[in-house]
Amino acid sequence: IKIGVAYNFALKEDTNNNFLEGIELAVKTINQHGGILNRKVTIVQKDTKGNKAEAMQVAKEFAIDTDIIAVISPSNKYIAKAVSVVYEYAKIVYISTTVTDPAFTREDFDYIFRNIP
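Everything numeric in this text was worked out from a predicted model, so none of it was measured.

(A) Quick peek at the environment of Ile112. With respect to the helices, strands and loops of the structure, Ile112 is situated in strand S5 (residues 112–114). Among the residues examined, Ile112 registers a relative accessible area of 5% and is labelled buried. As a C-alpha pair, Ile112 and Ser84 span 28 residues in sequence and 6.5 Å in three-dimensional space. In this structure, Ile112 is in contact with Ser84, Tyr87, Glu88, Tyr94, Phe104 and Thr105, ignoring residues within four places of it in sequence.

(B) Inspection of the packing of aromatic side chains at higher detail. Evaluation of the coordinates by the stated rule reveals 4 aromatic pairs. Geometrically, the ring pair formed by Tyr7 and Phe9 is edge-to-face, given 5.4 Å between the ring centres and 85 degrees between the ring planes. Across the pair, Phe9 and Tyr7 agree in class, each one buried. Consider the rings of Tyr89 and Phe109, whose centres lie 6.5 Å apart with planes at 75 degrees: the pair is edge-to-face. With a gap of 20 residues between them, Tyr89 in helix H3 (residues 77–90) and Phe109 in the loop between strand S4 (93–96) and S5 connect regions that are remote in the sequence. Assessed through its relative accessible area of 23%, Phe109 is described here as partly exposed.

Cut-offs and rules
- Residues numbered from 1 in each chain as written.
- Predicted model: local features only at pLDDT ≥ 70, side-chain atom pairs only at ≥ 80, totals over all residues.
- Heavy atoms only, no water.
- Helix = DSSP H or I, 4+ residues; strand = E, 2+ residues; numbered from the N terminus.
- Buried < 20%, exposed > 50% of the residue type's maximum accessible area, 1.4 Å probe, protein only.
- Contact = heavy atoms within 4.5 Å.
- Phe/Tyr/Trp six-rings, centres within 6.5 Å; stacked < 30°, edge-to-face > 60°.

Here's what the structure looks like:
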C-alpha cells in the first residue's frame, strides 16, 4: 500500500517539526503489526517546496501513479484547495493535516479530508 507524502522539505530543518518522523513511526508500527489487510505500507515522499505550482506538479505525479491510494500533506489552505481537485478526480484520498478553514471540506468531494478541528 503506497501513501504519498507531499511536504516542504525545507521545513525538515525546523527542530519543532516532527511531521515526517510521525509518519515514519506510524508506518513502522503498522507494518510491525502486519500492515493493513496483511499488506505492508510504504511512503513516497515528494517535495512541494512550499509553493502552489510545485504542489500541483507533485499532485499530478501522485495522480498518475496508480499505486498511490492516499496523500498526506501539511499545506496552507490555498495550496490544499488547489491540489484537492487533482486528488478528487484521481480518486486518491487526500488528508490535509493543517488546514483549519471549514470551507476546505465543503466542496462535496468524496476523497478530501482535514484532520484538524
